[in-house]
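Chain by chain, the residues:
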Amino acid sequence: MTVSADDRVAARNDMAWAISVGGIGVVAFVALLLLTWYFAATLFLIFAGMLLGVALNAMTKLLGHVTGLPHSLRLTIVCLVLAGLLSGVVFLGGTTIAQQATVLSNTIKSQLVNVKAFLEKNGIDTSYLDFGNPAATPSASSTPATPGTPATHNLPSAGTIASSGGAIVSQTLKLLLGTVSAVGNFFIVLFLGLAFAAQPGVYRTGLLFMAPARHRARATIIIDRIGDTLERWLIAQIITMFAVFVVTWIGLEIIGIQSSFILGIQAGLLAFIPTVGALLGGLIVVLASLASGWVAAASAFALFLGVHAMESYILTPIIQRQALDIPPATLFGFQILLGVVFGIWGLALALPLMAIAKVMIDHFKADDSAAEAMAA
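Source: prediction; values computed, not measured. Residue positions within a chain follow its written sequence, with the count starting from 1. Selection of residues for local features in this predicted model requires a pLDDT of at least 70, selection of side-chain atom pairs for listing and counting requires 80 or more, and totals for whole chains, interfaces and linings are taken over all residues. Calculation of side-chain values draws on the structure's entire complement of heavy atoms; hydrogens and water are dropped beforehand.

Q: Residues and numbers for helix H6 (residues 216–255), please.
A: In an α-helix, one turn spans 3.6 residues; hence positions three or four apart end up facing the same way. Here a strand is any run of E in DSSP of at least two residues, a helix any run of H or I of at least four, and the numbering for each starts at the N terminus. Helix span, expected: 1.5 Å multiplied by one less than the number of residues in the helix. Between its first and last C-alpha, H6 extends 57 Å over 40 residues, near the 58 Å set by a 1.5 Å rise per residue. Gly256 sits one or two residues past H6 and shows a positive phi near 95°.

Q: Tell me about the side chain of Thr248, residues and numbers included.
A: Relative to the elements of secondary structure, Thr248 occurs in helix H6. A polar contact is formed between the side chain of Thr248 and the backbone oxygen of Val244, at a distance of 2.7 Å. Excluding residues that lie within four positions of it along the chain, Thr248 makes contacts with Leu263, Gly264, Ala267, Leu303 and Val307. Identification of polar contacts relies on pairs of N or O atoms within 3.5 Å, with a donor-acceptor requirement for protein atoms, meaning one able to donate a hydrogen and the other able to accept it, and with residues adjacent in sequence counted only if both atoms are side-chain atoms. In what follows, residue pairs with any heavy atoms lying within 4.5 Å of each other are defined as contacts.

Q: Go over the pattern of salt bridges with me, naming the residues and quoting the values.
A: Salt bridges, as used here, are contacts in which a Lys or Arg side-chain nitrogen is within 4 Å of a carboxyl oxygen on Asp or Glu. Applying the stated rule across the entire model yields three salt bridges. Residue Glu231 pairs with Lys61 through a salt bridge whose shortest N-O separation is 3.3 Å. Of the two residues, Glu231 sits in helix H6 while Lys61 sits in helix H2 (residues 40–66), which places them 170 residues apart along the sequence. Three exposure classes are used, based on accessible area relative to the maximum for each residue type with a 1.4 Å probe and protein chains only: buried under 20%, partly exposed in between, and exposed over 50%. The exposure class of Glu231 is buried, given its relative accessible area of 13%. With its nearest N and O atoms 2.8 Å apart, the salt bridge here joins Asp362 to Lys358. With Asp362 and Lys358 both in helix H12 (residues 350–375) and four residues apart, the pair spans about one turn of that helix. With a relative accessible area of 34%, Asp362 lands in the partly exposed category.

Q: An account of the packing of aromatic side chains is requested, with residue identities and associated values reported.
A: Classification of ring pairs rests on two measures: the distance between centres of Phe, Tyr or Trp rings, Trp counted by its six-membered ring, which must be within 6.5 Å, and the angle between planes, read as stacked under 30 degrees, edge-to-face over 60 and tilted in between. Considering all chains together, one arrives at nine aromatic pairs under this definition. An angle of 75° between the planes, with centres 5.4 Å apart, marks the rings of Phe186 and Phe187 as edge-to-face. Look at Trp233 and Phe272: their rings are 5.5 Å apart centre to centre, the planes differ by 55°, and that puts the pair in the tilted class. Residue Trp233 is found in helix H6, and its partner Phe272 is found in the loop between helix H7 (260–270) and helix H8 (276–289); the two are separated by 39 residues along the sequence. Here Trp233 matches Phe272 in class, with each residue buried.

Put into structure tokens, the structure is as follows:
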């Protein structure tokens, strides 16, 4: 069978077109990866704002089951209630939180130094650890003068004064910039969350408009499933975090651990990060309890095990059984990967990102199973 010249030219043109389109796709994908890498912090910030919007929208929907008020009014009520709770915590417990935070910081620092000394005493090299020394070590310039020698007063040189002043200004600027950045990020997340929660339908329609027309129906199903999954998970996570905070606070108060309230707060906040957050929270609790003796530390460790068991075997199966079903090893590995690559943002947002990926994978697997069933 002979092939005409026109068919050969058409085949070459089709191959060239396929190679061109494939090359453009590869370049676009690599460019997208580079963009995500360089602007990962900004993308995570936007995603955190979206999660806040989803949480506010979920609470607004829950309020809609009780009352038939409009969406905007229900969202206003939810925001006022949350702002009132936060203001009450700040005004009623602000002094206690500040005092306990200072005590906790000093306790953790001293216990870290004690742990380092204990390790060194038992022949373990801790040169890679630098916890600092709380006690000021006497320097050569502060050695007492021998009797009979006149005391000399050495004034610092102009260069020493200038370098010290420059270091103070530099550290002050770093502190100010860090504070401004943290406050700015907080308000960015807050603004994005309120904006997404105020008009969720507008952003959903705009997101669907970006999908090709022939795939819009499938994109609608995927986006709605992602929204429902994140809403259920966030509500369950808020309940879990509050339960961990209350049980940890009351338990440490009964044991007699100082800074029990602030330790309960950090345990509740770290419960947002599965596995890693619980381990880190338990380590902080046990380390802070060492100052009260080994009995208190052992009791705090038992409390941590009880709280972790409550979270893993009671709250998560009951509250989150319909929200997420991700194998622990898979989730932990994904957390470590994102934590190493993107830092604290990747560690904190690994679970919702994996939830989105799981919804998409389950949807495409269901389509493939349906297609195979129809073919059979």
